[in-house]
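# Architecture at a glance
Spelled out from the first residue to the last, the chains are:
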Amino acid sequence: MESINIQIPSLMENIRIIESFIDNTKDIYNIDDDIYGNIMIAVTESVNNAIKHGNKEDKTKNVNLSLILKENEVRFVVEDQGPGFDFTNLSDPTLPENIDKPGGRGIFLMKHLSDEVHFTDNGRKVELVFYFD
Amino acid sequence: MEISTSHEGSMHIIAVNGDLDASSSIVLDRAIAEAVSASKHNIVIDCNQLNYISSAGLGVFMSYLQDFQDKNISLLLFGLNEKVMNVFEILGLDQLLTIVPSKEEARMLVNDPLL
């Protein structure tokens, strides 16, 4: 098992750091293109939420991203320092009453593109798991 | 991400090159806002060089839908790669936005003569 950990201040432009981190991960661990595409979207959605909704773009607060690589899976853990949120009560962005709203799609995408999504610590911590198969 | 704009017939083409994420979506938002204020009626997004789109990028398109309807502006997207198209499909946005394979199809939809 290998793990890497990075921390970024909560600024929206730091999403680019996450993108290059995922790019590097793909090259170092030889991650398949299909999984890579899903990882790129799901993890950046999660970090985006952590910056924007968790830490409210307060640059004195950090977002922590860990990667844990196992034989059959890669796991990304995103943690913010915000107040948390109610992850059990999310609206479905594909319903007619929600479909033309600008927001509310990030977690829906994360759930569809990851093999497992776990929220813990009152929603401050999100784990995204992708299987190699 | 880089954005370039061009005109072909009645089409105001905004080409998106790179990753459309929360950080870069502001640039696209500005480009669309400029097209709307310049009274362009056929806004066409060239996605041939779009690597991936996040929900923030999608939110830009969705935030203009009502405005487009009120101002009789048509929005077309073309050249989406499989992964980008998948994101639109997961969210059901392929039913709400007009997405065509190529610029030629976009041109036909806006009834422009062949150049």
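These numbers come from a predicted model, not from an experiment.

Turning our eyes to something else, we now look at the pairing of strand S4 (residues 116–120) of chain A. Residue and element names in this part refer to chain A. Sheet topology note: the S4/strand S5 (residues 125–131) ladder contains five bridges and is antiparallel. When the sheet's bridge partners are listed, Val117 is paired in S5 with Leu128. Linking S4 back to S5 in an antiparallel pair, the connection comprises four residues, with Asp121 at a positive phi of about 50°.

All names here are of chain A. The full count for this structure, using the stated rule, is five aromatic pairs over all chains. Pairing Phe85 with Phe87 gives two aromatic rings, centres 6.2 Å apart and planes at 75°, and the pair type is edge-to-face. Given a relative accessible area of 30%, Phe85 falls into the partly exposed group. Taking 5.6 Å as the distance between ring centres and 90° as the angle between the ring planes, the aromatic pair formed by Phe85 and Phe119 counts as edge-to-face. Of the two residues, Phe85 sits in the loop between strand S3 (73–79) and helix H3 (106–113) while Phe119 sits in strand S4, which places them 34 residues apart along the sequence. Given the relative accessible area of 13%, Phe119 is considered buried. One aromatic cluster is present, built from ring pairs that chain together Phe85, Phe87 and Phe119. Its guanidinium or amino end placed over the ring of Tyr36, Lys26 lies 5.3 Å from that ring's centre, counting from NZ or CZ.

All names here are of chain A. Summed over the entire model, instances satisfying the criterion amount to nine salt bridges over all chains. A salt bridge links Arg75 to Glu127, with the shortest nitrogen-to-oxygen separation between them at 2.8 Å. Of the two residues, Arg75 is situated in strand S3 and Glu127 in strand S5; the sequence distance between them amounts to 52 residues. Relative accessible area serves as the criterion here: at 16%, Arg75 is assigned to the buried category.

A few words on the side chain of Asn14 of chain A. Residues and elements named next belong to chain A. Position of Asn14 among the secondary structure elements: in the loop between strand S1 (2–9) and helix H1 (15–29). A relative accessible area of 10% places Asn14 in the buried class. For Asn14, the side chain forms a polar contact with the main-chain oxygen of Pro9, separated by 2.8 Å. In this structure Asn14 touches Ile8 and Pro9, once residues within four positions along its chain are discounted.

The subject of this paragraph is the interface of chain A and chain B. Of the residues lining the interface, 25 residues belong to chain A; the matching set on chain B comes to 21 residues. Roughly 1800 Å² of surface becomes buried between chain A and chain B when both sides are summed, with 65% attributable to carbon and sulfur atoms. Taken together, chain A and chain B are joined by zero salt bridges. Seen at the junction of chain A and chain B, the total is four residue pairs in polar contact (both at pLDDT 80 or more). Residue assignment for the side of chain A that touches chain B shows that the elements contributing at least two residues are H1, helix H2 (33–54) and H3 of chain A. For the side of chain A that touches chain B, the element with the most residues is H2 of chain A, which contributes eight residues. Its residues placed into classes, the side of chain A that touches chain B shows 10 nonpolar, six polar and nine charged.

Reading the values: rules and limits
- Residues numbered from 1 in each chain as written.
- Chains lettered and ligands numbered in written order.
- Predicted model: local features only at pLDDT ≥ 70, side-chain atom pairs only at ≥ 80, totals over all residues.
- Heavy atoms only, no water.
- Pairing = 2+ DSSP bridges.
- Helix = DSSP H or I, 4+ residues; strand = E, 2+ residues; numbered from the N terminus.
- Phe/Tyr/Trp six-rings, centres within 6.5 Å; stacked < 30°, edge-to-face > 60°.
- Buried < 20%, exposed > 50% of the residue type's maximum accessible area, 1.4 Å probe, protein only.
- Lys NZ or Arg CZ within 6 Å of the ring centre and 35° of its normal.
- Salt bridge = Lys/Arg side-chain N within 4 Å of Asp/Glu carboxyl O.
- Polar contact = N/O pair within 3.5 Å; in protein donor to acceptor, adjacent residues only side chain to side chain.
- Contact = heavy atoms within 4.5 Å.
- Buried area = accessible area lost by both parts, 1.4 Å probe.
- Nonpolar A, V, L, I, M, F, W, Y, C, P; charged D, E, K, R; others polar.

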